[in-house]
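Below, each chain spelled out in residue letters.
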Amino acid sequence: MPAGEAAAAGADAARKVFIKTYGCQMNVYDSQRMNDALAADGYSATETIEDADLVLLNTCHIREKAAEKVYSELGRLNKLKAERAARGREMVVGVTGCVAQAEGREIIRRSAAVDLVVGPQTYHRLPEVVRKARGGHKVVETEYALEDKFEHLPAPRKAEVARRGVTAFLTVQEGCDKFCTFCVVPYTRGSEVSRSVAQIVAEAERLAEAGVREVTLLGQNVNAWHGEGPDGSEWGLGRLLYRLAEIPGLARLRYTTSHPRDMDDELIAAHRDLAVLMPYLHLPVQSGSDRILKAMNRKHTAKDYLRLIDRIRAARPDIAMSGDFIVGFPGETDADFEATLAIIRATNYASAYSFKYSPRPGTPGAEMGGHVEEKVKDERLQRLQALITEQQHVFANGLVGRTMSTLIEKPGREPGQVVGRSPWLQPVIVDEKAGEIGDIVDVRITKTGTNSLFAETV
Ligand code: SAH
Ligand code: SF4
Ligand code: F3S
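Source: prediction; values computed, not measured.

About the cut-offs
- Residues numbered from 1 in each chain as written.
- Chains lettered and ligands numbered in written order.
- Predicted model: local features only at pLDDT ≥ 70, side-chain atom pairs only at ≥ 80, totals over all residues.
- Heavy atoms only, no water.
- Near = heavy atom within 4 Å.
- Nonpolar A, V, L, I, M, F, W, Y, C, P; charged D, E, K, R; others polar.
- Core = buried A, V, L, I, M, F, W, Y, C linked by side-chain atoms within 4.5 Å.
- Buried < 20%, exposed > 50% of the residue type's maximum accessible area, 1.4 Å probe, protein only.
- Pairing = 2+ DSSP bridges.
- Helix = DSSP H or I, 4+ residues; strand = E, 2+ residues; numbered from the N terminus.
- Axes fitted to C-alpha atoms, helices over the stretch in contact; angles between N-to-C directions.
- Contact = heavy atoms within 4.5 Å.
- Arc of directions from axis to C-beta.
- Polar contact = N/O pair within 3.5 Å; in protein donor to acceptor, adjacent residues only side chain to side chain.

Draft legend 1. The site of ligand 2, seen in detail. All residues in the neighbourhood of ligand 2 are listed as Cys-176, Lys-178, Phe-179, Cys-180, Phe-182, Cys-183, Val-185, Pro-186, Asn-221, His-259 and Arg-298. Of the residues assigned to the shell around ligand 2, the class counts are 7 nonpolar, 2 polar and 2 charged.

Right, dumping it as structure tokens:
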């Protein structure tokens, strides 16, 4: 055996894991927690797939395209794994996340490369699963665990948190009981579970101690969070935000993604009262047509949504709205689509995400009649995105000349510059003299870029 390979084979103590993350912010958070769990078992994270002893694809099942990406990546991994085996070094390949939960053993049937499949509710068992897979077993763990994974996952490591930067995600709620007829999330993430106030506060304090300045609370239905308070009573998200606002060092709070039906008075009041709660809210409405909203099982009307936005804006006048839209849901007519454009005009978004409806196996939408032609979906998506882009520009241009707080996040691409984050999530490019990473400073916006703002120090 050549010396290099002997060294590699003997490098058991220093195994490396590479995690590729697809999908939403919760997957980003989960990948970090998986890294933390595996670190306790001696795995260090690597950014280079060729160096990895363990490769995990943390997958997304939300649309067909997202799910199919996984199989093309597995094709590449199959080759890499064979090359590695020829050199006498093992590479374990795993699929985690929402495709893992939705397809389970089928993934192993479709791809010979895969050694393990672990669903989102069992990440605390990952180190044990990896050990079994290294022993030559194919392991599938997609049962919902009886124990709470968060109780069993190691806390985020301080040094690692610091390395990840001054902003962080924190999952407070997972799963969904809403069953919108287009959506796989209730099937892939299971039913709604809220973490307790004590768990959340402890994790937030740990993040703050490691230098994190801005925390985004995550949940598939984050504003449906209802956790156990220290006194045993049930708290809502608004109350939790008041509590988190007291943590020293945490200067900014956000939460995502919200459902219009769960915006209660206390949460709206938090937007009025808490300066640390950033004036930016992602509140998807999906469609502006009551007929389509009903078919989607969203359980609110377009008018309900607009009235809600009025209440939120009354509480926090400088709040900027963001949303998600689906075009071409089964049965969507031209008139329904026009209603969606109308709700966008009425709301005025600072940003929004939009998607062509993708029928998902097992969801009621996929069984509905009246599927919309691909060509029509394309046209509608283009028109919708043009309108959103226009609103986004109007919003960004309206900031020119204004002074605003910016969290300095990282070095810029050009020497002498740093990149900050505006209250509305835009990257702000400013001279490095503005402050150190982690500082929150006032800057004046001088002009807009494609997706960013340029600013000068004040
Ligand atoms: N929990 C969030 C959404 C999670 S999925 C919420 O309730 O808002 C993120 C977005 O993907 C959704 O808001 C929706 O716009 C889009 N989406 C979900 N399923 C889809 C599908 N089958 N086809 C196209 N877009 C979809
Ligand atoms: Fe999916 Fe609807 Fe639940 Fe959001 S609320 S995760 S869109 S089912
Ligand atoms: Fe995708 Fe699962 Fe998130 S389906 S959007 S990774 S919850």
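Draft legend 2. Layout of the nonpolar core. Ranked by size, the top nonpolar core spans 55 residues in total, and within it Leu-217, Leu-241 and Tyr-255 carry the most contacts. Among the nonpolar cores identified, the runner-up in size contains 23 residues, and Val-55, Cys-60, Ala-100 and Val-117 belong to it.

Draft legend 3. A look at the sheet that holds strand β10 (residues 214-218). One open sheet accounts for 3 strands, arranged β7-β10-β13; its pairing is parallel. Of all the strands in the sheet, the pair left with one neighbour each is β7 (167-171) and β13 (252-256). On average, each strand axis in the sheet is inclined to that of its neighbour by 25°, with strand direction left out of account. In this sheet, β13 lies alongside β10 in parallel orientation, the contact comprising 5 bridges. Bridge pairing links Leu-218 to Thr-256 in β13. This element, helix α2 (residues 25-39), spans β7, β10 and β13 of the sheet and lies at about 95° to β7.

Draft legend 4. Fine view of the sheet that holds strand β21 (residues 453-457). The 5 strands lie next to each other as β17-β18-β19-β21-β20, forming a closed barrel whose pairing is mixed. Across the sheet, the mean angle from the axis of one strand to that of its neighbour is 55°, orientation sign disregarded.

Draft legend 5. Here's a closer look at helix α6 (residues 126-134). Residues of α6 that are buried: Leu-126, Pro-127, Val-129, Val-130 and Ala-133. Angular distribution of buried residues about the axis of α6 spans 160°; they occupy a single face of the element. Next to the buried residues of α6 lie α2, β2 (43-45), β3 (54-59), β4 (92-96), β5 (116-118) and β6 (139-141). Remark: Gly-136 follows α6 within two positions and exhibits a positive phi of approximately 95°.

Draft legend 6. Just the pairing of strand β17 (residues 403-411), in detail. Across 5 bridges, the pairing between β17 and strand β20 (residues 440-448) is antiparallel. The residue of β20 that forms the bridge with Thr-403 is Arg-444. Of the pairings in the sheet, the one linking β17 to strand β18 (residues 417-421) comprises 4 bridges and is antiparallel in character. Residue Ile-408 lies in a different strand from β18, and its bridge partner there is Gly-420. With antiparallel pairing between neighbouring strands as the criterion, β17 and β18 make up a hairpin whose turn holds 5 residues, including Gly-416 at a positive phi of roughly 85°.

Draft legend 7. Just the environment of Arg-421, in detail. Mapping Arg-421 onto the fold places it in strand β18. Through-space distance from the C-alpha of Arg-421 to that of Leu-277 is 14 Å; in sequence the pair is 144 residues apart. Ignoring any residue separated from it by four or fewer positions in sequence, one finds Arg-421 in contact with Thr-167, Glu-214, Arg-252, Arg-254, Ser-405, Thr-406, Leu-407, Glu-409, Gln-426 and Val-428. A polar side-chain atom of Arg-421 sits 2.7 Å from a polar atom in the side chain of Glu-214.

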